[in-house]
Amino acid sequence: MKKLLHAILLFTVIILLQIFAPASLCAQVKQPQVATTVQAAIVPSDTVPAIINHKIENGVVTFSSVLRPLRQIAGAPEPFYTYFWEFGDGQFSFEKEPQHSYPDTLKYDVRLFATNSYDDGKRPPTRPKPLKPGSNRPVLAAVKTSAAPNFFKSGGAIELKTNCMPKPGDDMMLVFGYRNKMENGLANLGGTVSILFNDKEFNKDNFELAETRTYNQEKKTFLEKHGAVAARKVSTEHPFYASINGPEYTRPAVVFDPEGTALIREKTAAYRKIESWKFENLKAGEEKFMFMQFKTTPEMIKDTNAVVKLTGMFIPDNPLAVTEFFTLELQIVASHDPNKMMLRNSRMNFRFTGKNKKLTYKVRFQNTGKGPAKQIDVGVAIAEVLNKGSVEITDSKPKLVLCNTAYANQSCLDTVGTADSLHFIFRNIYLPGLQQKGVNDADSTMGFIEYRIGFKEKPKKLPFKSGAAIVFDKNEPIYTNRATGKYKMGLSPGIIAGYGFPFKNGNTPFSGQNNITFGASLAPYAPHRYYWQVELYGSSYAEKEYLIKRTQGNDRLVPVIIDGKQQEGTLKYADSMLRSKVITINIVPLQMRYNFNKYIGAGIGTLVSFNIDEQYTPSKTALYTIVNAAGVRQEVTLKQAFNKVSNSFNDFQNTLFTDIQVGKVHVGPAIGFRYLHTFQGSDNRLITYLTWKF
């Protein structure tokens, strides 16, 4: 009972203290908590470089790292790092904690390039770490887990791989691998390798090659653009030549390879930048690697949805080995997310876009979880201008048969359509998770679907977007970026032919006279709504004689010379005449136009004109009455011409105009009506003209 009374008393005291306690006391009690909250909200710095740790055991170096904590983007999957290790001896790894054994005890610079995915911060900076493996060498050969397994997955002599998709402001590492394939049958091989970048599809450069680290005595060389180096091959028509050692000894006939050389020229012509190296003594089956650190240029920021290309060339000196190429497509991204959608050749020429035009989309995905995925649903939103019924699957990873041809429970690829989307479903598969135990090859956790699709009809010249939602098993969907299709501006030249007539007579001799106009225009190709247009054309006024003044003679007697003889005559009247010829140049430096639809457009602008050739020939015509030798009165007209007056580049005029066009105003023929108001005079006029845009 006493314990109960004590408890009630204690509870009452606590309540009274909360009611009557001073506000200042409450503030003093709560203040440390506010300070603690502010301190906890401090965001860690993104400038802390990756810390590389290592330990050596039996000559095998095990690497690990300490990176800044990841900060998840709201609504995104769990963030994670991917790793690219460069060991400093020509070998590398994409594992999180790789093991590597060095050939000797020299000093090596180890680098770690960590890429943050689904993280709102910057990528950790890279700082080389000097490392001496030490003299603790193993008795047996150490395990060497350096390069990613099966680097040459395309099966060729050359392969390229990056540590990430290029992001504006970030560096990107490119591994350039080349090898002497066993099937060549060559014990040693020499030749040239080249990297081609900054494709000409873009007006400005996307990359700068900051540094190339080589470890196998590759020597920098120069491969001139447009194929100064020629490919060679063994002749199939005359395979052998006899030698001085007798008919028993023969050697292969080496000839010029036109196809290989044409490919070299085609590749080099597509890029603005080429870097090349000479290699020697590449043994049979040997693989060598170069490491290229690219910096993205500021111009890349303007087109973050574009797909850029890097091409590697392998040009052997021995004609028994084949010249090979490898092109790597990279999507410029705003963030390093492994699930993304891209549109190949996203900047299109609208002139060649129509129902027969096919677009190629590719949706990449990666299982970043801790376990395998058995079903993946890639739902793609189809843009309104595209024809969902024209979809054609061109490639996929993993490669599967279509479900409508598969047997029960077979791994297959299914397609399911809805009103505005299409689902590509990978059924009954096994896609390992990136964080799954025993998974060291990041490529094995990735896949993609690639398909082609056409337009419903000739689209409007407007951007269109498509996106994807990816569902791994029954997890929440992961939404990719929006792949945007855009059109290049393109230029549309046109011709103009018109006939103008004035509203009022001006104070010049040729005012009030009709004129013929012929010229050209230049505008963006097939604009959708607003656009600018410039024009240049000439107007020609036909040569014509004008009456300036008539003076009455009043039948006064004046001397008249007829046929070289002077006699008297009575003057009836005298006319002062002027013959004129004018050619005018017209320039439209500023004109804004608007197309209401395919058939009606309007414009407003300013026209500057001046005479490039202006000729005036004055004359005087007089009518006389004379008496001829037979005594008969007759009328005689005499004309006297004066010196011609010529002017060039004069009579400058500024004119404001507005007009309307009817016809095929995007591309093709149209008729226009243009009203011109001249500020320097009253020579306002209406021009009717025909135009044809190409």
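Residues numbered from 1 in each chain as written. Predicted model: local features only at pLDDT ≥ 70, side-chain atom pairs only at ≥ 80, totals over all residues. Heavy atoms only, no water.

Draft legend 1. How the structure looks around the overall build of the protein. Along its length, the protein carries three helices and 42 strands. Residue burial in the protein is summarised as follows: out of 694 residues, 44% are buried. If you sum the accessible surface of the protein, you get close to 37,500 Å²; carbon and sulfur atoms cover 56% of it. (Helix = DSSP H or I, 4+ residues; strand = E, 2+ residues; numbered from the N terminus. Buried < 20%, exposed > 50% of the residue type's maximum accessible area, 1.4 Å probe, protein only. Areas by Shrake-Rupley, 256 points an atom, 1.4 Å probe, with all protein chains shown as cover.)

Draft legend 2. Looking closely at the state of the cysteines. This model, assessed by the stated rule, comprises one disulfide. With its sulfur 2.0 Å from that of its partner, cysteine 403 forms a disulfide with cysteine 412. Judged by the sign of its S-S torsion, about 85°, the cystine formed by cysteine 403 and cysteine 412 is right-handed. Cysteine 412 matches cysteine 403 in its accessibility class, with the two residues each being buried. (Disulfide = S-S within 2.5 Å.)

Draft legend 3. Spatial organisation of the pattern of salt bridges. With the rule as written, the count across this model stands at 25 salt bridges. Between lysine 309 and glutamate 201 there is a salt bridge whose closest N-O contact spans 4.0 Å. Separated by 108 residues along the polypeptide, lysine 309 in strand S19 (residues 307-316) and glutamate 201 in the loop between strand S10 (188-199) and strand S11 (207-213) bring together distant segments of the chain. Under the relative-accessibility criterion, glutamate 201 is labelled partly exposed at 22%. Within this structure, Lys153, Lys161, Asp441 and Asp443 form a network of salt bridges that share partners. (Salt bridge = Lys/Arg side-chain N within 4 Å of Asp/Glu carboxyl O.)

Draft legend 4. Highlighting the layout of surface pockets. Here the second largest pocket is characterised by a volume of approximately 560 Å³. Surrounding the second largest pocket, 24 residues form its lining, Lys458, Pro459, Lys460, Lys598 and His666 being those nearest its centre. Broken down by class, the residue content of the lining of the second largest pocket amounts to 12 nonpolar, three polar and nine charged. (1 Å grid on protein atoms, 1.4 Å probe; cavity = no way out; pocket = protein on both sides within 12 Å on 5 of 7 lines; lining within 4 Å. Points joined across faces, edges and corners; volume = space filled by probe spheres on them. Nonpolar A, V, L, I, M, F, W, Y, C, P; charged D, E, K, R; others polar.)

Draft legend 5. Structural context of the environment of leucine 189. Structurally, the position occupied by leucine 189 is in strand S10. Once residues within four sequence positions are removed from consideration, leucine 189 is found in contact with Asn180, Phe279, Glu280, Asn281, Leu282, Phe314, Pro316, Asn318 and Ala321. (Contact = heavy atoms within 4.5 Å.)

Draft legend 6. Focus on a nonpolar patch on the surface. On the surface, a cluster of nonpolar side chains totalling about 710 Å² of accessible area is made up of Phe596, Tyr599, Ile600, Ile660, Val662, Ile671, Phe673 and Leu690. Elements supplying a minimum of two residues to the nonpolar patch: strand S40 (650-663) and strand S41 (668-678). Relative to the elements of secondary structure, tyrosine 599 occurs in the loop between strand S36 (565-595) and strand S37 (600-627). Judged by its relative accessible area of 51%, tyrosine 599 is exposed. (Patch = residues over 30% accessible without salt bridge, like charges linked within 9 Å, V, L, I, M, F, W, Y side chains within 5 Å.)

Draft legend 7. Fine view of empty space enclosed by the protein. Scanning the entire structure with this criterion turns up two cavities of 30 Å³ or more. Looking at the largest cavity, its volume works out to about 50 Å³. In terms of lining residues, the largest cavity is bounded by Ile496, Thr517, Glu535, Tyr537, Arg674, Ile687 and Tyr689. Of all the secondary-structure elements, those providing two or more residues to the lining of the largest cavity are strand S35 (534-562) and strand S42 (685-693). Of the residues that constitute the lining of the largest cavity, the class distribution is four nonpolar, one polar and two charged. Of the volumes computed, that of the second largest cavity is approximately 30 Å³. The wall of the second largest cavity is formed by Asn515, Thr517, Tyr537, Ser539, Asn586, Leu607, Arg685 and Ile687. Of all the secondary structure elements, the ones that give two or more residues to the lining of the second largest cavity are strand S33 (515-524), S35 and S42.

Draft legend 8. Region of the structure containing the sheet that holds strand S28 (residues 421-427). With mixed pairing, seven strands are arranged side by side in an open sheet as S22-S31-S30-S24-S28-S27-S26. Of all strands in the sheet, those with a lone pairing partner are strand S22 (347-348) and strand S26 (401-402), marking the two edges. Examined bridge by bridge, strand S30 (residues 464-472) and strand S31 (residues 478-487) share six bridges and lie antiparallel to one another. Residue pairing in the sheet places phenylalanine 464 in a bridge with glycine 485 of S31. (Pairing = 2+ DSSP bridges.)

Draft legend 9. Examining the packing of aromatic side chains more closely. Tallied over the full model, the rule gives 32 aromatic pairs. Consider the rings of phenylalanine 92 and phenylalanine 94, whose centres lie 5.9 Å apart with planes at 85°: the pair is edge-to-face. The exposure class of phenylalanine 94 is buried, given its relative accessible area of 16%. Judged by centre distance (5.0 Å) and plane angle (80°), the rings of tyrosine 594 and phenylalanine 596 are edge-to-face. Taking the relative accessible area as the measure of exposure, phenylalanine 596 reaches 46% and is therefore partly exposed. Taken together through their ring pairs, the aromatic side chains of Phe84, Phe92, Phe94, Phe113, Phe151, Phe152, Tyr215, Phe289 and Phe291 make up a single cluster. We note lysine 161 situated over the ring of phenylalanine 94; from NZ or CZ to the ring centre the distance is 5.0 Å. (Phe/Tyr/Trp six-rings, centres within 6.5 Å; stacked < 30°, edge-to-face > 60°. Lys NZ or Arg CZ within 6 Å of the ring centre and 35° of its normal.)

Draft legend 10. Geometry of the nonpolar core. Core analysis: the largest hydrophobic core is formed by 38 residues, its most contacted members being Leu359, Tyr361, Ile376, Val378, Val380, Leu386 and Phe464. The set of elements that each furnish at least two residues to this core consists of strand S21 (340-344), strand S23 (358-366), strand S24 (376-381), S28, strand S29 (446-455), S30 and S31. Leaving out residues up to four positions away in the same chain, isoleucine 376 has contacts with Phe365, Phe424, Ile425, Phe426, Ile429, Leu431, Ile470, Val471 and Phe472. In this structure, Val193, Phe197, Phe207 and Phe314 belong to the second largest nonpolar core, which totals 33 residues. (Core = buried A, V, L, I, M, F, W, Y, C linked by side-chain atoms within 4.5 Å.)

Draft legend 11. Highlighting unusual backbone geometry. The linkage connecting lysine 397 with the following residue, proline 398, adopts the cis geometry, with an omega of 0°. Examined against the element boundaries, proline 398 turns out to sit in the loop between strand S25 (386-397) and S26. Positive phi, normally seen in glycine, also occurs at asparagine 409, with a value near 65°. What makes asparagine 409 exposed here is its relative accessible area of 70%.

Draft legend 12. Representation of the confidence of the model for the protein in the model. Overall, the predicted model of the protein reaches an average pLDDT of 82, with 81% of residues at or above 70. Low confidence marks residues 138-147, where pLDDT is under 50. Its contacts with residues over four positions away, or in another chain, come to 23 contacts. In the predicted structure, residues 239-249 sits below a pLDDT of 50 and forms 12 contacts with residues beyond four places in sequence or in another chain. (pLDDT = per-residue confidence, 0-100.)

Draft legend 13. Fine view of the sheet that holds strand S2 (residues 60-66). Taken together, three strands build an open sheet; the order of strands is S1-S2-S5 and the sheet is antiparallel. Two strands close off the open sheet at either side, each with one partner strand: strand S1 (51-57) and strand S5 (99-100).

Draft legend 14. The arrangement of the side chain of lysine 362 in detail. Within the secondary structure, lysine 362 sits in strand S23. Setting aside residues no more than four positions away along its own chain, lysine 362 makes contact with Lys340, Met341, Met342, Phe448, Ile449 and Glu450.

Draft legend 15. The environment of alanine 383, seen in detail. Turning to its location among the elements, alanine 383 is positioned in the loop between S24 and S25. In sequence terms alanine 383 and lysine 465 are 82 residues apart; their C-alpha atoms lie 6.0 Å from each other. Those residues in contact with alanine 383, other than ones at most four positions away along the chain, are Phe464, Lys465 and Ser466.

Draft legend 16. Up close: the environment of alanine 419. With respect to the helices and strands, alanine 419 occurs in the loop between strand S27 (412-417) and S28. The exposure class of alanine 419 is exposed, given its relative accessible area of 79%. With 31 residues separating them in the primary sequence, alanine 419 and lysine 388 have C-alpha atoms 9.4 Å apart.

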